[in-house]
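Each chain, written out:
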Amino acid sequence: MSSDATVRAAKPSASLALVKAASWGKGFSILTRITVMAFRHPWQASFAIGATLVASAFQLMIPQLLGRAVDSTQVVLKGGDAGQMAQDTLLTTALMLLGASVLRGLFTLVQNYYSEAVGHHMGYRLRLACYEKIQRLSFSFHDSMHSGDLITVGLLDLEGVRMYFSTALVRMVLLTVLIGLGAYLLLSTDIVLGLLALSFVPFVGWRSSVAQLKLRATWLELQDRLSVLTRVMEENLGGTRVVRAFAAHEHELEKFDIASKNAVELAHQRVGIRVSNTSAMTLSFFIAMGLVLWVGGAKVMAGTMTVGTLTAFLTFMTILQMPVRQLGLMVNAFARASTCGARLFELLDLDIAIKDEKDAETLKVTDGTLRFENVDFAYPSSPDLKVLAGVSFEAKRGETIGIVGPPGSGKSTLAHLIPRFYDTTAGRITIDGQDIRHTTLQSLRRSIAVVQQDSFLFTTTIENNIAYGDPWAKETHIERASESAQLHNYVLGLPTGYDTVVGERGVSLSGGQRQRLSIARALMLKPAVMVFDDSTAAIDAGTESRIRSAMRKYASDRVTIIVAHRLSSLMHADRILFMEDGRIVESGTHDQLLKADGRYRALYDLQVRPGDDLGHDALTA
Amino acid sequence: MAEELETERHDVRDDGRRPPRAVVGSHRIEEEIFGKLFDSNIVRRIWAFVHPYRSKIYWAVAAVLCFTAMQLAIPLIIRHAIDKGMQEGSLDHGVLTGSIIVFAVAILINFAASYAQEMLVGGVAEDVLFDIRRAMFSHLQRVSLSWMDKTEVGRLMSRLQGDVNSMQEFLETSVLSVGDITLLFGIVVVMLTLDFKLGLLTLSALPVLFIVRIFWLPRARKSFMAAHETNSIANGALAEAIHGVRAVQGMDRQAVNFMLYDDKARANLTTHLRAAKFAQVMVPIVDSLTGFAMALVIVVGGARVLNQALDVGVMVAFLFYIQRFFDPIRSLTLQYSVMQRAMASGQRLTEVLDVPVDIKDAPDAKTLSADMDGSVEFKNVVFGYNPKHPVLKNVSFRVNPGETVALVGPTGSGKSSCMSLIHRFYDVQQGEVLVGGHDVRDLTQDSLGRQIAMVLQEPFLFTGTVFENIRYHKADATRDEVIEAAKAVGAHDFIMRMADGYETVLGQRGGNLSLGQRQLISFARALVADAKILVLDEATANIDSYTEMLIQKALVKLLEGRTGLVIAHRLATIREADRIIVLQNGELIESGNHRELMKNDRLYSKLYNLNYSSFDDIPDDVVEEAAVEQAT
């Protein structure tokens with residue numbers, strides 16, 4: 001890893017984490033935005049909400065029908081000859097009840113299905129938007145952002161936003177209708193008994209909201225603690241040899257126990273929160289039911305109420321019980337959507353630092369001349385620290401430029417400016433006279449290939465990896481690139497050849513093999529400028545020289561830039577730039593620089609015969 | 001589903017060119033998720049973990065039964081209150097009050113029982129989860145390295161997490177399903193007792209639901225699985241885009257990737273919509289059956305109430321039971337999947353727990369004391385990871401106390417194996433390895449480890465502060481000792497330049513440091529360990545000459561007063577060694593100091609004269625050439 005990366009990684013920005021405590025106003029505007037997104041699927045959203053209204057109306061009919069049925073069985077007791085009529089009433093009530101149940105079921109299906117469908121469609125759109133944004137955001141953003149945090153936004157926060165419609169909005173409609181209409185029906189039937197029957201509602205609503213918010217907060221905390229545990233286990237298993245080499249398994253078990261105890265304590269705590277709240281909620285519900293039974297019973301005895309009405313009250317309560325418990329889930333869903341939405345939208349709304357200018361033109365490579373003109377550069381994360389200062393040089397087609405210098409001298413940074421991974425802070429870079437900032441990114445990046453020091457391989461076949469930049473390439477092209485990178489013979493030796501899957505979950509390649517693969521990948525682009533960013537360090541010198549001679553035939557068509565700390569990798573260059581503290585301090589051919597007897601010479605002596613004290617002194621002097 | 005979309009896409013894209021050689025995201029084929037329903041062997045193994053908590057489990061089951069009994073009793077109490085306590089016009093409130101008191105008692109018991117049951121079950125499930133995980137983790141510290149070498153860390157992690165979690169789920173739901181079964185039977189019994197005919201009639205709805213569930217479950221499960229799978233595929237692709245963003249932008253693949261990702265996201269959408277259909281289709285079925293059962297009670301039961309053949313309270317109780325009795329069926333059918341999943345997970349967990357531990361302390365193992373002489377000796381050692389293909393063939397050499405020996409040889413010559421054997425990562429097949437004059441097999445592994453400090457080629461650092469990493473081997477090292485060690489190896493300066501000095505938290509595997517810096521920290525770590533013997537595998541490449549110089553100096557410091565065994569790649573290191581041992585194809589072919597070996601005019605001098613700065617830079621074919629030349 002280059003020292004530039006070290007500097008950057010040491011300063012993680014907390015940009016997306018800052019929005020933890022969103023204000024009410026902000027929360028509201030986020031929820032509005034999500035709601036608007038949901039109604040971008042107008043039919044499905046309306047179906048869901050319409051069905052919710054109908055389904056809850058049918059559900060509220062059920063207790064009344066039950067009450068009516070019970071009452072009609074009591075007719076006989078009161079007055080004699082209405083027996084047949086009562087029978088008829090029973091039958092029609094039963095049929096209505098059946099009808100109401102079936103319809104409630106069907107409308108609930110519509111409600112649930114369409115509210116989920118809205119969520120999934122939103123999820124689909126958001127996923128695409130997120131993916132595209134992440135792909136396009138420039139390097140400086142990705143440098144400042146921990147990839148794990150970005151994944152959390154793309155997965156969990158997206159999920160929180162997606163679930164908003166069904167778990168918050170539709171549920172709110174459902175609960176409002178059920179509780180509101182239910183309360184109206186109960187209270188209009190008998191105000192005292194109605195109040196008793198509803199007495200559990202505020203308590204349960206409050207408890208469940210408190211419990212859910214607490215559970216969510218502790219859940220997030222638990223995830224943090226579990227991730228510590230995961231890390232302990234992962235590092236232990238990955239570093240088995242170190243653990244054993246130091247006979248440190250006791251120490252490791254201790255680490256495990258601490259992490260594990262932290263997590264298990266919180267897990268117990270969460271069980272406690274959950275159980276004590278649900279038990280209290282159930283108890284309050286039953287207390288209300290007991291009161292209804294008691295007072296209602298007395299009313300029945302006094303003749304001011306029928307058994308049927310009492311039954312209706314009791315069934316109403318059972319119907320209300322579940323939705324009231326869900327109040328907490330709803331409150332939680334609102335809270336979750338607003339925090340998740342805040343993070344997700346912040347990502348989606350980010351400005352892309354490096355993008356095409358309005359009138360950007362396609363890069364036209366004619367002579368193939370690359371020029372740096374007084375280039376200054378500082379990373380956006382530390383704008384005061386000049387990594388490059390006044391760098392100017394020119395490279396013509398067919399030329400090879402070697403760049404060497406101590407760690408942190410800006411070699412890699414220089415290489416990263418050519419394809420506009422970052423923009424210069426002053427000065428300009430041109431290709432055939434065109435400022436690269438005025439060309440389209442696509443045409444620029446297709447003309448420049450950078451072979452990174454630590455190249456990322458994709459988990460797919462070797463063939464797909466080589467053809468990464470040109471997925472429609474012919475097989476012969478792929479093999480030719482592979483041959484030039486001295487990879488072909490190795491691949492042929494694999495049981496499945498070019499179909500072998502490599503990368504994170506595939507066959508693991510050695511550092512040198514990875515580098516050769518990424519060289520082959522870069523060759524496929526047939527670039528006008530090819531940059532090797534310390535990308536042959538893990539390749540032995542013999543193979544490297546063979547790669548070099550294989551590429552000689554392409555070299556005449558392009559500018560080649562080699563950043564390396566091993567001098568044998570760049571001694572043959574047409575010009576070597578020695579960099580120090582962001583400036584070019586020596587420049588010339590290998591022989592010229594040796595004669596100049598400066599820093600390059602010192603480095604050379606050090607590398608060729610590292611044991612000699614002469615080298616040390618020259619370098620430190 | 002996914003395939004359909006793919007082909008559809010290809011048609012759309014048909015511009016005469018064939019489909020691109022491109023994918024986004026990778027997909028690991030998921031492991032078997034469902035095992036057989038019941039495997040007594042696995043249940044026995046898992047029970048062993050539950051055993052310490054068995055009294056809690058018994059109490060939990062008792063509480064579950066209590067809770068269920070109250071669920072059954074409450075409608076009965078209501079029935080009693082209605083039938084016996086609410087005679088219109090009656091002035092005797094005694095029965096009603098009595099019923100209310102019984103009701104109050106019942107709900108208090110219900111409260112206590114549900115609290116106890118969930119607390120106990122939830123708590124025990126968490127405890128067992130962590131116990132199983134700890135047992136596995138602890139076991140993995142002991143299993144042979146060769147097993148660890150061939151097992152992917154990701155796979156082990158999924159054992160330690162996913163599989164352990166599904167055991168927890170199983171444990172939690174099994175106790176609760178005791179309650180479900182009891183509730184189901186209880187409702188059936190109570191209904192039949194209250195009124196046999198009406199009960200029988202009402203219960204006719206139950207088998208219908210049961211049959212519907214049996215047909216529904218496998219199909220629904222398939223759709224849920226598909227949704228789950230497409231979800232992890234899409235998520236994997238997103239993660240890849242994040243990790244590989246620099247390569248993606250460098251090769252301008254955004255447009256192609258977006259198109260490919262769209263396929264995955266769309267497959268995710270369609271499978272989820274399908275799964276939602278499956279999940280929701282049960283709602284109207286259950287509702288209709290409930291409505292049907294209630295209608296039956298009203299028509300048939302109501303008629304009998306009219307004829308005064310049935311108390312109205314019984315009818316009300318029936319209506320209450322009907323609202324409850326579909327729940328247990330739903331949870332029981334879900335329990336079926338939980339159980340299958342748990343059996344598959346249990347199988348994998350026991351596999352890990354059963355991996356044999358090859359290398360154990362002998363029963364009468366001695367402690368290697370710190371005042372041993374620090375010598376290392378190989379006597380006729382034969383060793384191979386696969387016994388049929390020995391990596392070391394009859395190797396013998398001795399490293400005297402305080403001596404530094406460089407092991408040199410081409411790749412695959414057996415250098416690393418020598419190193420592993422000193423620490424007894426593996427056992428030899430023949431011969432013996434002696435440390436301080438004792439066969440390593442006669443020593444306790446802990447004491448052996450304490451006297452040998454190892455520096456691996458790829459310096460592995462742990463997440464934590466620099467300070468913690470340096471004293472990794474010696475947890476009681478003081479701050480001064482740590483700083484002194486860091487100064488001695490030349491790491492102090494760059495450590496102090498970091499934001500929080502020694503308290504700087506290193507990212508995963510020391511990710512925020514360069515390789516050379518990590519190397520220096522691992523040197524400091526070995527220095528703090530202060531062991532008699534130092535075994536070091538020199539880093540081969542990737543270090544710039546400036547850091548390299550620091551490392552060379554540190555090495556000298558590190559070897560001071562210690563027996564050193566260095567797998568050397570740098571000529572500088574090799575030349576300064578007291579003695580050089582040249583290995584080739586598992587055999588010792590030369591030994592002596594630099595001057596002696598140069599005079600020998602064999603493999604070493606040949607390679608040396610090729611004038612490479614590192615032996616690793618010499619291409620394989622050149623080494624072979626030199627070796628052949630020397631053999632003839």
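Just so you know, these numbers come straight off a predicted model, no measurement behind them.

Asker: An account of the overall build of chain A is requested, with residue identities and associated values reported.
Answerer: In terms of helices and strands, chain A carries 23 helices and 10 strands. Here chain A has a C-alpha radius of gyration of 36 Å; the compact-globule value for 621 residues is 25 Å, and the former is much larger. The C-alpha extent of chain A, read off along each of the three principal axes, is 125 × 60 × 55 Å. Taking all 621 residues of chain A together, 57% fall into the buried category. In chain A, the proportion of contacts linking residues at least 24 apart, taken out of those at least 6 apart, comes to 77%.

Asker: Can you explain the side chain of Asn 332 of chain A? Please cite residues and give values.
Answerer: Residue and element names in this part refer to chain A. Examined against the element boundaries, Asn 332 turns out to sit in helix H13 (residues 307-349). Look at Asn 332 and you get buried, because its relative accessible area is 13%. Residues within four places of Asn 332 in sequence aside, it is in contact with Gln 212, Leu 213 and Arg 216.

Asker: Give me the lowdown on the packing of helix H8 (residues 164-189) of chain A against helix H9 (residues 191-198) of chain A, citing residues and values where you can.
Answerer: Viewed as axis vectors pointing N to C, H8 of chain A and H9 of chain A meet at an angle of 145°, and their least axial separation amounts to 5 Å. Where H8 of chain A abuts H9 of chain A, its residues Ala 183, Leu 186, Leu 187 and Thr 189 of chain A lie against Ile 191, Gly 194, Leu 195, Ala 197 and Leu 198 of chain A.

Asker: I'd love a proper account of a positive patch on the surface, names of residues and values included.
Answerer: Residues and elements named next belong to chain B. A cluster of like positive charges, contributed by Arg 219, Lys 222, Arg 274 and Lys 277, occupies part of the molecular surface. Of all the secondary structure elements, the ones that give two or more residues to the positive patch are helix H8 (205-243) and helix H10 (254-306). Structurally, the position occupied by Lys 222 is in helix H8. By relative accessible area, Lys 222 is classed as exposed at 65%.

Asker: Please provide a residue-by-residue account of empty space enclosed by the protein, values included.
Answerer: Tallied over the entire structure, the rule returns seven cavities of 30 Å³ or more. Approximately 240 Å³ is the volume found for the largest cavity. Listed by contribution, the elements that provide at least two residues to the lining of the largest cavity are helix H11 (240-245) of chain A together with helix H14 (445-451) of chain B. If you tally residues by element for the lining of the largest cavity, the top one is H14 of chain B, at three residues. A class-by-class count of the residues in the lining of the largest cavity yields seven nonpolar, five polar and five charged. Computed from the structure, the second largest cavity encloses a volume of approximately 150 Å³.

Asker: Could you give an account of the pairing of strand E4 (residues 430-435) of chain B, with specific residues and numbers?
Answerer: Residues and elements named next belong to chain B. Examined bridge by bridge, strand E1 (residues 376-383) and E4 share five bridges and lie antiparallel to one another. Within the sheet, the bridge partner assigned to Phe 378 lies in E4 and is Val 433. When E4 meets strand E5 (residues 438-439), the two strands line up antiparallel, connected through two bridges. Following the sheet pairing, Val 435 is matched in E5 by His 438.

Asker: So what's going on with the domain arrangement of chain B? Residues and values would help.
Answerer: According to the domain assignment, chain B consists of domain 1 (34-195 + 331-358), domain 2 (196-309) and domain 3 (376-631). For domain 2 of chain B versus domain 3 of chain B, the separation of C-alpha centres amounts to 59 Å.

Asker: So what about the side chain of Ser 114 of chain B? Which residues, and what values?
Answerer: Its location among the elements puts Ser 114 of chain B in helix H4 (residues 94-140). For Ser 114 of chain B, a relative accessible area of 6% puts it in the buried group. Residues contacting Ser 114 of chain B, with those up to four places away along its chain left out, are Val 275 and Ser 279 of chain A together with Phe 67 of chain B.

Asker: Lay out the sheet that holds strand E6 (residues 448-451) of chain A with the relevant residues and their values.
Answerer: Residues and elements named next belong to chain A. A sheet is described by the order of its strands in space; here six strands give the open sequence E6-E7-E8-E3-E9-E10, paired in mixed fashion. Both edges of this open sheet fall to E6 and strand E10 (583-588), since each of them pairs with a single strand only. This sheet shows a mean twist of 20° between the axes of neighbouring strands, independent of strand direction. Examined bridge by bridge, strand E9 (residues 575-580) and E10 share five bridges and lie antiparallel to one another. Counterpart to Glu 580 in the pairing with E10 is Arg 583.

Asker: Describe in detail the interface of chain A and chain B, supporting the description with residues and values.
Answerer: Note: interface size is frequently given as the accessible area lost on complex formation between the parts. Counting residues at the interface gives 156 residues for chain A, matched by 162 residues for chain B. A per-residue breakdown of the area chain A buries against chain B is headed by Phe 246, Met 301 and Trp 472 of chain A, which together make up 7% of the total. On inspection of chain A and its partner chain B, the count reaches six salt bridges. With its nearest N and O atoms 3.3 Å apart, the salt bridge here joins Arg 446 of chain A to Asp 252 of chain B. Among the elements that line the side of chain A that touches chain B, the one with the most residues is helix H12 (residues 249-302) of chain A, at 32 residues. When the residues that make up the side of chain A that touches chain B are grouped by side-chain class, the tally is 80 nonpolar, 49 polar and 27 charged.

Asker: Help me get a handle on the domain arrangement of chain A, residues and values and all.
Answerer: When cut into domains, chain A gives domain 1 (1-190), domain 2 (191-304) and domain 3 (370-588). Of note, the centres of domain 1 of chain A and domain 3 of chain A, computed from C-alpha atoms alone, are 52 Å apart.

Asker: Summarise the sheet that holds strand E9 (residues 533-537) of chain B; cite the residues concerned and give the values.
Answerer: Residues and elements named next belong to chain B. Ordered in space as E6-E9-E10-E3-E11-E12, the six strands form an open sheet in which the pairing is mixed. Looking at the sheet topology across the chains shown, the edges are occupied by strand E6 (452-455) and strand E12 (587-592). Taking the axes of each pair of neighbouring strands and ignoring which way they run, one obtains an average angle of 15° across the sheet. Pairing analysis gives five bridges linking E9 to strand E10 (residues 563-567), with the strands arranged parallel. From the neighbouring strand, Val 535 faces E10, where its bridge partner is Leu 565. Against the sheet, helix H13 (residues 415-422) touches strand E3 (404-408), E6, E9, E10 and strand E11 (579-584), its axis set at about 150° to E9.

What counts and how
Just so you know, the residues in each chain are numbered from 1, in the order the chain's sequence is written. Numbering of ligands from 1 and lettering of chains from A proceed in the order in which they are written. Local features in a predicted model are, by the rule used here, given only for residues with pLDDT of at least 70; side-chain atom pairs are given and counted only at 80 or more, and totals for whole chains, interfaces and linings are based on all residues. Only hydrogens and water are set aside when side-chain values are computed; all heavy atoms of the structure are taken into account. Note on conventions: DSSP H or I runs of at least 4 residues are helices, E runs of at least 2 residues are strands, and numbering of each starts at the N terminus. Only C-alpha atoms enter the radius of gyration, while the globule expectation follows 2.2 Å times N to the 0.38, with N the number of residues. For every residue, the accessible area (1.4 Å probe, protein chains only) is compared with the maximum for its type, and the residue is labelled buried under 20%, exposed over 50%, or partly exposed between those bounds. Note on definitions: a residue-residue contact is assigned when non-hydrogen atoms from the two residues lie within 4.5 Å. The convention used is that axes are lines fitted to C-alpha atoms, helices contributing only their stretch in contact, and that angles between N-to-C directions extend from 0 to 180 degrees. Only residues above 30% relative accessible area that lack a salt bridge enter a patch, with like-charged residues linked at up to 9 Å and the nonpolar side chains Val, Leu, Ile, Met, Phe, Trp and Tyr linked at up to 5 Å. To measure how exposed things are, a 1.4 Å probe is used in the Shrake-Rupley method; for residues, cover is taken only from the protein chains shown. For this analysis, a salt bridge means a side-chain nitrogen from Lys or Arg found within 4 Å of a carboxyl oxygen belonging to Asp or Glu. Charged-residue counts in this description rest on Lys and Arg as positive and Asp and Glu as negative, His and the chain ends being excluded. Charge positions are represented by NZ for Lys, CZ for Arg, CG for Asp and CD for Glu. Cavities and pockets were defined on a 1 Å grid built from protein atoms only: a cavity is a group of points that admits a 1.4 Å probe but offers it no way out, a pocket is an open group of points flanked by protein on both sides within 12 Å along at least five of seven lines, and a lining residue is one with an atom within 4 Å of any such point. Grid points are joined across faces, edges and corners, and a volume is the space filled by probe spheres set on the points. Ten residue types, Ala, Val, Leu, Ile, Met, Phe, Trp, Tyr, Cys and Pro, are classed as nonpolar, four, Asp, Glu, Lys and Arg, as charged, and the remainder, Gly among them, as polar. Here a strand pair is declared whenever DSSP counts at least two bridges between the two strands. Where each domain starts and ends comes from a domain assignment, either automatic or drawn from a database. What counts as buried area is the accessible surface, traced by a 1.4 Å probe, that two parts surrender upon association, with contributions from both included.

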